[in-house]
Amino acid sequence: MNRRHCLSLLGTTPLLLSGCASVAGASGAPADLPLRGTGDLGVVVARATGTLAIVDTSQRTLLAQVTGLGDLSHASVVFSRDGRYAYVFGRDGALTKVDLLTRRITARVMQAGNSIGGAISADGSLVVAQNYTPGGIKAFNAATLELVADIPAAYENGKLSRVVGLVDLPGRRFAYSLFDANAIWITDLSDPARPVTTQLPNIGRQPYDALVTPNGRHYIAGLFGEDGLAMVDLWEEKPRARRILAGYGRGQEPLPVYKMPHLRGWAVAGRRAYLPAIGRHEVLVVDTDTWQEVGRIPVAGQPVFVMARPDGRQVWVNFSVPDYHRVQVIDTTTQSIVRTLEPGKAVLHMEFTPRGESVWISSRDDHRVSVIDTQSFATQATLSIDSPSGIFFTSRAARLGF
Amino acid sequence: MHDKNAPQSHRLAQAGTSPKAGSSLRGLPRLGIWLALLAGTAGLHAQPVPPTAPRQQELVRMVRQDCGSCHGLRLTGGLGPALTREALADKPFDSIVATIYHGRPGTPMAPWKAMLSEADALWIAQQLFAGFPESVKDRP
């Protein structure tokens, strides 16, 4: 049935060819697979080979590898709200929908020349890609990947800005930042045929990524071009950007930033948020009621991901080259580092299991994913995967801003 | 906002803080920098000694993977511009070497001199202009 479905589509969509053909070699035909849920499934991007590994976080095993996804450098993934489908945004502008149960590509479109990620609406109906080339966002029907809206990030006489920091907001709205235009835009896609975009200009120089708080209220863009972050209170009638943590570098010469931090994966614990500094080997701690800095924690390098364990008790930090063989753990009750781990060479990403008892860590140059107990810090399992980068679990489907 | 090609100023320097001391290269024209860079590496020799074969393999992987974070694994661009042979065709070679080594102020391009020798930077630029090699499969 699935094979026939696959073949019937081959004639119309050449892009499906590679996906179907290669997945046929995956372990077990879909008909042989037992019934199962998807709550403990996830994917690991094997970026050098254009492969998506499907993993089981209960058994800590690799279930299948889906090939033919193209250039997956900087690939990111969102999930359908039933946790069955992974939408993979590739660097080469491809958007691929992968069925985690049948382990097949079910749809794929080349939607841009250069893409950086995406988001999915809370109702699961719209998948939105954020693109560098052509700069802007595009919205797709989540079922079919048919294009339903195209919003170029046009500024200054029609130039297009690279788009970063796309997040979903309640009401089929999406917020994103324009790296080249120093702006934050909020697009309402409640009627995709008539998108309504609110533009907030002059938010600060070179927003490089952004996040939205778990309650959907605050959108925060990190700024590369100046010390500080831009914050928008989305609950205000007329949202405006204001500066937080201004001048956190205190006028000191910044250190080289070999890799941009990522803000998605937002770390909030109680009323504190933990954010990567730019050009400083520090994690900044901010009070989410007053938005004042309440501390900073020296760490082992330029932070890339600063991620809270789901219960907020710990914050895990990884680093850019050349310090990316380390991962550090902050205890949020004491604001101090309680552990420095060396799980492998070139740690690129971390992902907590849904309740945070384990964390999965990808070590690109050791071709390994390590599963680590977040209480004892013992390694519970290792998986062999070619140049692993991003790790994404289906529990993201239930989280706003993921 | 500022001269993107200025080889040495720093992003905080534009915000009014004092620029980092210690570089005697600041303010020299680009060609001068490149000559100074060559001279600094090679001493009396005209050309720096090229990296060894194992180092070249490290550099290929580093460019593909670490530079690839911004420029793409296939060097087709991302937050950073494309670095394919075609994209670089009309770019001055010495400017690319200087950018690798010293970074490009006002942009996210960092100086890589803490991790690369001048000879490494020169070799990388040569490979980029010739069409960058693929990573050798490094799986044990």
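The model shown is predicted, which means the values in this text are computed figures rather than measured ones. (Residues numbered from 1 in each chain as written. Chains lettered and ligands numbered in written order. Predicted model: local features only at pLDDT ≥ 70, side-chain atom pairs only at ≥ 80, totals over all residues.)

A. Quick peek at the overall build of chain B. Looking only at helices and strands, chain B has 5 helices and 0 strands in total. Mapped from its N terminus to its C terminus, chain B presents α and β elements in the order α-α-α-α-α. Put simply, chain B has 140 residues, and 34% of those count as buried. In chain B, once contacts between residues fewer than 6 apart in sequence are set aside, the share between residues at least 24 apart is 60%. (Helix = DSSP H or I, 4+ residues; strand = E, 2+ residues; numbered from the N terminus. Buried ≥ 20, exposed ≤ 12 C-beta atoms within 10 Å, placed from the backbone. Contact = placed C-beta atoms within 7 Å.)

B. Structural view of the UniProt feature "domain: Cytochrome c" (unreviewed entry) in chain B. The UniProt entry lists residues 51–132 of chain B under the feature "domain: Cytochrome c" (unreviewed entry), expressed in the numbering used here. Overall, residues 51–132 of chain B shows 56% helix and 0% strand. The separation of its end C-alpha atoms is 15 Å. (UniProt positions renumbered as here; feature names shortened; annotations may be inferred.)

C. How the structure looks around the nonpolar core. With 144 residues, the main nonpolar core has Val43(A), Val167(A), Phe174(A), Ile184(A), Val283(A) and Val315(A) as its most contacted residues. The dominant element in this core, judged by the number of residues it contributes, is helix H5 (residues 118–130) of chain B, at 6 residues. The contacts of Val43(A), once residues within four sequence positions are left out, are Leu52(A), Ala53(A), Ile54(A), Val55(A), Val77(A), Ala86(A) and Phe392(A). (Core = buried A, V, L, I, M, F, W, Y, C linked by C-beta atoms within 7 Å.)

D. Main features of the environment of Thr290(A). All names here are of chain A. Relative to the assigned elements, Thr290 resides in the loop between strand S24 (282–287) and strand S25 (293–298). Classification of Thr290 by C-beta neighbours within 10 Å gives exposed; the count is 10. The sequence separation of Thr290 and Arg104 amounts to 186 residues, and the corresponding C-alpha distance is 47 Å.

E. Molecular detail of the environment of Pro303(A). All names here are of chain A. For Pro303, the location among the structural elements is in strand S26 (residues 303–308). Taking the C-alpha atoms as reference, Pro303 lies 34 Å from Ser125; in sequence the two are 178 residues apart. With residues near it in sequence (within four places) discarded, Pro303 still touches Pro261, Pro276, Val283, Val317 and Phe319.

F. View of the packing of helix H4 (residues 93–102) of chain B against H5(B). All names here are of chain B. In contact at an axis separation of 9 Å, H4 and H5 are set at 130° when each is read in the N-to-C sense. On the basis of the axis angle, H4 is oblique to H5. Considering the relative orientation of H4 and H5, their crossing is right-handed. Of the residues in H5, those touching H4 at Phe93, Ile96, Val97, Ile100 and Tyr101 are Glu118, Ala121, Leu122, Ile124, Ala125, Leu128 and Phe129. Tallied by class, residues from the contact of H4 with H5 come to 11 nonpolar, no polar and 1 charged. (Axes fitted to C-alpha atoms, helices over the stretch in contact; angles between N-to-C directions. Parallel < 35°, antiparallel > 145°, perpendicular 65-115°, else oblique. Left-handed = near helix turned anticlockwise from the far one by under 90°. Nonpolar A, V, L, I, M, F, W, Y, C, P; charged D, E, K, R; others polar.)

G. Summary view of the interface of chain B and chain A. Listed by partner, the interface residues are 24 residues for chain B and 27 residues for chain A. Partitioned by chemical class, the residues of the side of chain B that touches chain A number 9 nonpolar, 10 polar and 5 charged.

H. How the structure looks around unusual backbone geometry. Residues and elements named next belong to chain A. Backbone torsion omega between Thr133 and Pro134 reads -10°, so that peptide bond is classified as cis. By secondary structure assignment, the location of Pro134 is in the loop between strand S9 (126–133) and strand S10 (136–141). Along the chain, Val321 connects to Pro322 via a cis peptide bond; the corresponding omega equals 5°. Residue placement: Pro322 occurs in the loop between strand S27 (314–319) and strand S28 (327–331). Even without being glycine, Arg172 reaches a positive phi, approximately 50°. For Arg172, the position within the fold is in the loop between strand S14 (163–169) and strand S15 (173–178). Unlike most non-glycine residues, Leu245 shows phi in positive territory, near 50°. Within the secondary structure, Leu245 sits in the loop between strand S21 (241–244) and strand S22 (267–269). A residue is classified by how many C-beta atoms lie within 10 Å of it, and Leu245, with 22 of them, is buried.

I. Focus on the sheet that holds strand S6 (residues 94–99) of chain A. All names here are of chain A. Strand order in the open sheet made by the 4 strands is S4-S5-S6-S7, with antiparallel pairing throughout. Each edge of the sheet is formed by a strand with only one pairing partner; in this case those strands are strand S4 (76–79) and strand S7 (104–110). Taking each pair of neighbouring strands and ignoring which way they run, the sheet shows an average axis angle of 20°. (Pairing = 2+ DSSP bridges.)

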